[in-house]
Number of protein chains: 2
Amino acid sequence: MNPGTNQTMESSAIAGGPVRVTPHESHASDIFAPLAEVEAFLAANLATQEFDRPAALADAMAYSTLSAGKRLRPLLAWHACEACGGRGTDSLPAGASIELIHAFSLVHDDLPALDNDDLRRGKPTLHKHAGEAMAILAGDQLMVEAFVWLTQTGDLSPSQRLELCRELAAATSRMVSGQVYDTLGGLPANLSPEDQLRLIHRNKTGALISAACRMGALSVRGGIQPAVLEAITTYSQCVGLIFQIVDDLIDVEQTAEHTGKRTGKDIEAGKRTYPGILGVERSRLEVSRLRDEALKAIGALGPHASALRELCLLMCERTK
Amino acid sequence: MNPGTNQTMESSAIAGGPVRVTPHESHASDIFAPLAEVEAFLAANLATQEFDRPAALADAMAYSTLSAGKRLRPLLAWHACEACGGRGTDSLPAGASIELIHAFSLVHDDLPALDNDDLRRGKPTLHKHAGEAMAILAGDQLMVEAFVWLTQTGDLSPSQRLELCRELAAATSRMVSGQVYDTLGGLPANLSPEDQLRLIHRNKTGALISAACRMGALSVRGGIQPAVLEAITTYSQCVGLIFQIVDDLIDVEQTAEHTGKRTGKDIEAGKRTYPGILGVERSRLEVSRLRDEALKAIGALGPHASALRELCLLMCERTK
């Protein structure tokens, strides 16, 4: 990808390995600059005890959310907001609430009855750390807290905040359905294996990543044009699938030591994966095709969208 | 209670046993009339497959939600809406979404890692019926579906719908905290046993019952006066506690055969209960005190509030 580039960026929060970006897009430090504000927003809001809350529950929520996540979704929300002419800080309620949903989904997916994982982000999973009962309840609390934050925080109009709640609810609903397909089956038998796989992942991971971009765009004060939202939506659906294909490739190609989570588990669990169905090479080609489609979609947004372009490229190249 | 009453109403959906109501309030058939619309709304919305959803997941959601529940919360929402001058049908999105949250909480609370219950509403609990993985995920889906319904349904203004989402999120958050206190402890040690118990139940059951009343009131088109919302709030907090105290009394005094769920389990689990801390007699006195406070609070709402009065009396007398 990007033939002729000669610049290497290493050790970002997203990319685990070297990533080549073209010189005119090399704002690497810029695209991760919002992370400090994202972390501060998450930590401050998690520390706010608006309701009576048991300390152990607050600890479990912080343990799962403030661990070393990539913060891909809040970053996408931030840069989508700016790509549409908004101020990145206006995306923080949206981005942080999506991060809570992401954290909740990891906690529940890791449970013994589901993926039964012991390791997450290099640390014991929450049920290993705090027990299964707490992991179930803290997951529940993280999910609903996302809606508490979206409804109680921010300066956007009621219509916009309602729209954000609607997006988040729909994406979370899709995510859970995708997890059921992935874990328990029930896929429509008339679909090809590749279409079945796409159905799983468009829901399981794609919906929330897509919502991150769309909710960032919907956080622009005063609203945006439908054509702009459409461009962001196309971009968002492409990067959602890119994320999952690359995730599947990482599971095949990397070690737990490198990624901080158990690898090889998809094959072990007999799960449908992109490399398993398409092979590694065709999976990589699909990533390239989706990358081109994503970049084309946001072409008309001009220089405001350069961070979104760069994020897309980093997502194609990440190794953990 | 109600000395001098001589009328008996039996076998309603709420009251399992005889309930005496004063003659001028004996609209028993009326107060349960909305149940048909509540059931139809729940069934129709659960059958709507807006997103790709595995059939087994939809079945699990319906199994947990459409079983023989009391529908206390949607009834409270309906009658609170009408007590404030609104049309009961406008409360359906609020009432039904609260019922989904209630169903989710039962599914997760019944899980082996939590209360480990096999029986619910006279049927196997969801994890017994469909497996633990499905019970975890269907619970998650029910919770988020509540927000899908609230954001996608209804004719209320965006501000009102946002307010409803805020209420529901806050109440659900409190509910989960209450469940953590109840199951895992962590109660503030400086509180008396009675205050600890109140802290648990104000959150665990009280918050959602209170939200049912408030959200019904907040579903009145065009909004309501602050004093009216305050009256409903006081009423709602009283009936929330009444519900729990009576629930504790039922656990001590009734059989599983009568209630359709395991009884005696609070004592078995060493849980704090009202009869355990106050004794049966003082618990009943507390119910009477709260009943009087609830009825006084809505006194100024006049005849519109007669169904709310009657519901309160039924809640004091229920035996399952």
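Residues numbered from 1 in each chain as written. Chains lettered and ligands numbered in written order. Predicted model: local features only at pLDDT ≥ 70, side-chain atom pairs only at ≥ 80, totals over all residues. Heavy atoms only, no water.

## Some points on the overall build of chain A
Here is the rule we go by: Secondary structure elements are defined from DSSP: runs of H or I of at least 4 residues count as helices, runs of E of at least 2 residues count as strands, and each element is numbered from the N terminus. Each accessible area is a Shrake-Rupley estimate made with a 1.4 Å probe; only the visible protein chains count as cover when residues are assessed.
Each helix and strand counted, chain A has 14 helices and 4 strands in total. Only carbon and sulfur atoms are counted for the fraction: they give 51% of the accessible area of chain A, which is about 11,700 Å².

## Some thoughts on the pattern of salt bridges
The test is simple: The working definition used for a salt bridge is a side-chain nitrogen of Lys or Arg within 4 Å of a carboxyl oxygen of Asp or Glu. Any residue under 20% of the maximum accessible area for its type is buried, any over 50% is exposed, and the rest in between are partly exposed; the area is computed with a 1.4 Å probe on protein chains only.
The full count for this structure, using the stated rule, is 38 salt bridges over all chains. Across the pair aspartate 90 of chain B and arginine 87 of chain B runs a salt bridge whose closest N-O atoms are separated by 3.9 Å. Salt-bridge contacts for glutamate 286 of chain B lead to arginine 198 of chain B; the nearest nitrogen and oxygen are separated by 3.5 Å. Residue glutamate 286 of chain B is found in helix 14 (residues 280–297), and its partner arginine 198 of chain B is found in helix 9 (residues 193–218); the two are separated by 88 residues along the sequence. Given a relative accessible area of 12%, glutamate 286 of chain B falls into the buried group. Among the charged side chains, a salt-bridge network with shared partners connects Glu194, Asp195, Arg198, Arg282, Glu286, Arg289 and Glu293 of chain A.

## Thoughts on the relation of the copies chain B and chain A
Put simply, the rule is: The copies were overlaid by least squares, fitting only the C-alpha atoms of residues that reach a pLDDT of 70 or more in each copy. Residues count as neighbours in contact if any of their non-hydrogen atoms are within 4.5 Å of one another.
Mapping chain B onto chain A calls for a rotation angle of 180° and an axial translation of 0.0 Å; the resulting RMSD is 0.0 Å. On this basis, the relationship between the two copies can be described by a two-fold rotation axis. The rotation axis passes nearest to the C-alpha of leucine 162 of chain B in chain B, at a distance of 2.7 Å. The overlap is high: 100% of the interface residues of chain B also sit at the interface in chain A, so the same surface is used on both sides.

## Focus: the nonpolar core
Put simply, the rule is: Note on terminology: a nonpolar core comprises buried Ala, Val, Leu, Ile, Met, Phe, Trp, Tyr and Cys residues joined through side-chain atoms within 4.5 Å.
Judged by nonpolar contacts, the single largest core of 187 residues is most densely connected at Tyr235 of chain A together with Tyr235 of chain B. When sequence neighbours within four positions are dropped, the list of residues in contact with tyrosine 235 of chain B reads Leu76, Cys213, Ala294, Ala297, Ile298, Leu308, Leu311 and Cys312 of chain B.

## Some details on the confidence of the model for chain A
Residue and element names in this part refer to chain A. Our working definition: For every residue, the pLDDT score states the predictor's confidence, bounded by 0 at the bottom and 100 at the top.
On average, residues of chain A score 87 in pLDDT, and 84% of them are at 70 or above. Overall, residues 1–26 carries pLDDT values under 50, and its contacts beyond four positions in sequence, including any with other chains, amount to 54 contacts. Here the predicted complex carries an ipTM of 0.88, next to a pTM of 0.89.

## Section: the interface of chain B and chain A
For clarity, the threshold we go by: When two components associate, each loses some accessible surface as probed by a 1.4 Å sphere; the sum of these losses over both components is called the buried area. Distance and chemistry together define a polar contact, namely a pair of N or O atoms within 3.5 Å, with one atom able to donate a hydrogen and the other to accept it when in protein, and with adjacent residues in sequence counting only for side-chain atoms on both sides.
On the chain A side, the residues contacting the 45 residues of chain B number 45 residues. In this assembly, chain B packs against chain A so that about 4,100 Å² is buried in total across both faces, 72% of it on carbon and sulfur atoms. Linking chain B to chain A there are 0 salt bridges. Run the count over chain B and chain A and you get 10 residue pairs in polar contact (both at pLDDT 80 or more). Going through the elements one at a time, helix 5 (92–109), helix 7 (132–152), helix 8 (158–184) and helix 9 of chain B are the ones with two or more residues in the side of chain B that touches chain A.

## Focus on the state of the cysteines
Test applied: Here, two cysteine sulfur atoms that lie within 2.5 Å of each other are counted as a disulfide.
In the structure shown here, the tally under the stated rule is 0 disulfides over all chains. Here cysteine 81 of chain A stays free of any disulfide, with the sulfur of cysteine 84 of chain A as its closest cysteine sulfur at 7.3 Å. Free cysteine cysteine 312 of chain B: the closest other cysteine sulfur is in cysteine 316 of chain B, separated by 4.5 Å. Classification of cysteine 312 of chain B by relative accessible area gives buried; the value is 0%.

## Things to note about unusual backbone geometry
Trans is the prevailing form of peptide bonds, just as negative phi is the prevailing case for residues other than glycine. With a phi close to 60°, arginine 71 of chain A is a non-glycine residue in the positive phi region. Classification of arginine 71 of chain A as buried rests on a relative accessible area of 2%. Backbone geometry places asparagine 116 of chain B, a non-glycine residue, at a positive phi of 55°. Tracing the backbone shows asparagine 116 of chain B in the loop between helix 5 and strand 3 (119–120).

## A look at the packing of helix 4 (residues 72–83) of chain A against helix 5 (residues 92–109) of chain A
Residue and element names in this part refer to chain A. Under the convention used in this document: Note on definitions: angles span 0 to 180 degrees between N-to-C directions of axes, and those axes are lines fitted to C-alpha atoms, for helices only across the stretch in contact. Here roughly perpendicular refers to angles of 65 to 115 degrees, roughly parallel to angles under 35, roughly antiparallel to angles over 145, and oblique to all remaining angles. By definition, turning the near helix anticlockwise from the far helix through less than a right angle yields a left-handed crossing, and turning it clockwise yields a right-handed one.
Taken N-terminus to C-terminus, the directions of helix 4 and helix 5 make an angle of 160°; their axes are 8 Å apart at the nearest point. For the element pair helix 4 / helix 5, the angle class is roughly antiparallel. Considering the relative orientation of helix 4 and helix 5, their crossing is right-handed. Of the residues in helix 5, those in contact with Arg73, Pro74, Ala77 and Trp78 of helix 4 are Leu92, Gly95, Ile98, Glu99 and His102.

## Comments concerning helix 14 (residues 306–317) of chain A
Residue and element names in this part refer to chain A. So the rule is basically this: What a helix is expected to span follows from its residue count: subtract one and scale by 1.5 Å.
Given a rise of 1.5 Å per residue, 12 residues ought to cover 16 Å, and the 17 Å separating the end C-alpha atoms of helix 14 matches this to within 8%. The buried count for helix 14 comes to 11 of 12 residues, which makes it a mostly enclosed element. Those residues of helix 14 lying buried are Ser306, Ala307, Leu308, Arg309, Glu310, Leu311, Cys312, Leu313, Leu314, Met315 and Cys316.

## Let's talk about the packing of aromatic side chains
All names here are of chain A. Stated precisely, the cut-off is as follows: Only Phe, Tyr and Trp rings are paired, with Trp represented by its six-membered ring, and only when their centres lie within 6.5 Å; those with planes under 30 degrees apart are stacked, over 60 edge-to-face, the remainder tilted. Geometrically, a charge over a ring is one whose NZ (Lys) or CZ (Arg) sits within 6 Å of the ring centre while staying within 35 degrees of the ring normal.
Here the structure, examined in full by the defined rule, presents 3 aromatic pairs over all chains. For the pair phenylalanine 41 and tryptophan 149, a centre-to-centre distance of 6.2 Å together with 80° between the ring planes defines the contact as edge-to-face. Taken together, the residues phenylalanine 41 in helix 2 (residues 35–47) and tryptophan 149 in helix 7 (residues 132–152) connect sequence positions 108 residues apart. The side chain of arginine 73 reaches across the aromatic face of phenylalanine 243, ending 5.4 Å from its centre.

## With respect to helix 3 (residues 55–65) of chain A
For helix 3 of chain A, the set of buried residues is Leu57, Ala58, Ala60, Met61, Tyr63, Ser64 and Thr65 of chain A. In this structure, the buried side of helix 3 of chain A is in contact with helix 2, helix 5, strand 4 (123–124), helix 6 (126–130) and helix 7 of chain A together with helix 8 of chain B.

## Details of the side chain of glutamate 99 of chain B
All names here are of chain B. Relative to the helices and strands, glutamate 99 is located in helix 5. You can call glutamate 99 buried: its relative accessible area is 2%. A distance of 2.9 Å separates the side chain of glutamate 99 from the side chain of arginine 71, its partner in a polar contact. When near neighbours in sequence (up to four residues on either side) are disregarded, glutamate 99 contacts Leu42, Arg71, Arg73, Pro74 and Arg121.

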